Amino acid sequence: MTTLNEATVPPALSKEALTYKLLTKQGFVQVGKDRGCLGNVYYELYGTGEIKLVFVNGMGADRQIWEVNLQSFASQKEFQVCVFDHRGTGYSDPLPILK
């Protein structure tokens, strides 16, 4: 994943939150270029462990739905967790209007 201009990255969770202390990277990744519907998807990485987890929520909810699970896994040193906002939710770009 490559990030876009770091100045465009939204602020992290409250600095007092346990989850904030586990945050290792946040940013945007470009998607949809080959399909002609370019957009940016926001993501957050927590922890640095060897076991990689990606939490995928249903449409209509953003990455914050995984808060409890995120704290549980990311606080264990063997895990690295990725959460993201689908297009049209959270900090990600809206879905394109199809013609």
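Everything that follows concerns the structure shown earlier in this document.
Our subject in this report is the structure included herewith. (Residues numbered from 1 in each chain as written. Predicted model: local features only at pLDDT ≥ 70, side-chain atom pairs only at ≥ 80, totals over all residues. Heavy atoms only, no water.)

Considerations on the overall build of the chain
Right, on to step 1. Of regular secondary structure, the chain possesses two helices and four strands.
Right, on to step 2. Starting at the N terminus and walking to the C terminus, you meet the elements of the chain as α-β-β-β-α-β.
Right, on to step 3. Out of the 99 residues belonging to the chain, those deemed buried represent 36%.
Right, on to step 4. A separation threshold of at least 6 residues defines the contact pool for the chain, and within that pool the share at least 24 residues apart is 56%. (Helix = DSSP H or I, 4+ residues; strand = E, 2+ residues; numbered from the N terminus. Buried < 20%, exposed > 50% of the residue type's maximum accessible area, 1.4 Å probe, protein only. Contact = heavy atoms within 4.5 Å.)

A look at the environment of Lys52
Right, on to step 1. Summarising the element assignment, Lys52 is placed in strand S3 (residues 51–55).
Right, on to step 2. Measuring from C-alpha to C-alpha, the distance between Lys52 and Glu78 comes to 8.7 Å, with 26 residues separating the pair along the chain.

With respect to the packing of aromatic side chains
Right, on to step 1. All told, the structure shown has five aromatic pairs when counted by the stated rule.
Right, on to step 2. Judged by centre distance (5.1 Å) and plane angle (80°), the rings of Tyr42 and Tyr91 are edge-to-face. With a gap of 49 residues between them, Tyr42 in strand S2 (residues 39–46) and Tyr91 in the segment after strand S4 (79–84) connect regions that are remote in the sequence.
Right, on to step 3. Its relative accessible area of 0% is what places Tyr42 among the buried residues.
Right, on to step 4. A residue is classified by how much of its surface remains accessible, and Tyr91, at 37% relative accessible area, is partly exposed.
Right, on to step 5. Taking the centre distance of 5.9 Å and the plane angle of 70° together, the rings of Phe55 and Phe73 count as edge-to-face. Of this pair, Phe55 sits in strand S3 while Phe73 sits in helix H2 (residues 67–74), and the two are 18 residues apart along the sequence. (Phe/Tyr/Trp six-rings, centres within 6.5 Å; stacked < 30°, edge-to-face > 60°.)

Considerations on the nonpolar core
Most often, soluble globular proteins keep nonpolar side chains buried together rather than apart.
Right, on to step 1. If you look at the biggest cluster of nonpolar residues, it comprises eight residues: Leu22, Leu23, Tyr46, Phe55, Leu70, Ala74, Val81 and Val83.
Right, on to step 2. Broken down by secondary-structure element, the contributors of at least two residues to this core are H2 and S4.
Right, on to step 3. Dropping the residues within four chain positions of it, Ala74 is found in contact with Leu22, Tyr46, Gly47 and Val81. (Core = buried A, V, L, I, M, F, W, Y, C linked by side-chain atoms within 4.5 Å.)

Some points on the pattern of salt bridges
Where charged atoms from two side chains of opposite charge approach closely, those side chains can pair.
Right, on to step 1. Summed over the entire model, instances satisfying the criterion amount to two salt bridges.
Right, on to step 2. Note that Glu44 and Arg63 form a salt bridge whose closest N and O atoms lie 3.2 Å from each other. One end of the pair, Glu44, is in strand S2; the other, Arg63, is in the loop between S3 and H2, and 19 residues separate them in sequence.
Right, on to step 3. A relative accessible area of 3% places Glu44 in the buried class.
Right, on to step 4. A relative accessible area of 5% means that Arg63 is categorised as buried.
Right, on to step 5. The salt bridge partner of Asp85 is Arg63, with a shortest N-O separation of 2.8 Å. Of the two residues, Asp85 is situated in the segment after S4 and Arg63 in the loop between S3 and H2; the sequence distance between them amounts to 22 residues. (Salt bridge = Lys/Arg side-chain N within 4 Å of Asp/Glu carboxyl O.)

So far we have only geometry, and geometry alone does not tell us how the molecule works.
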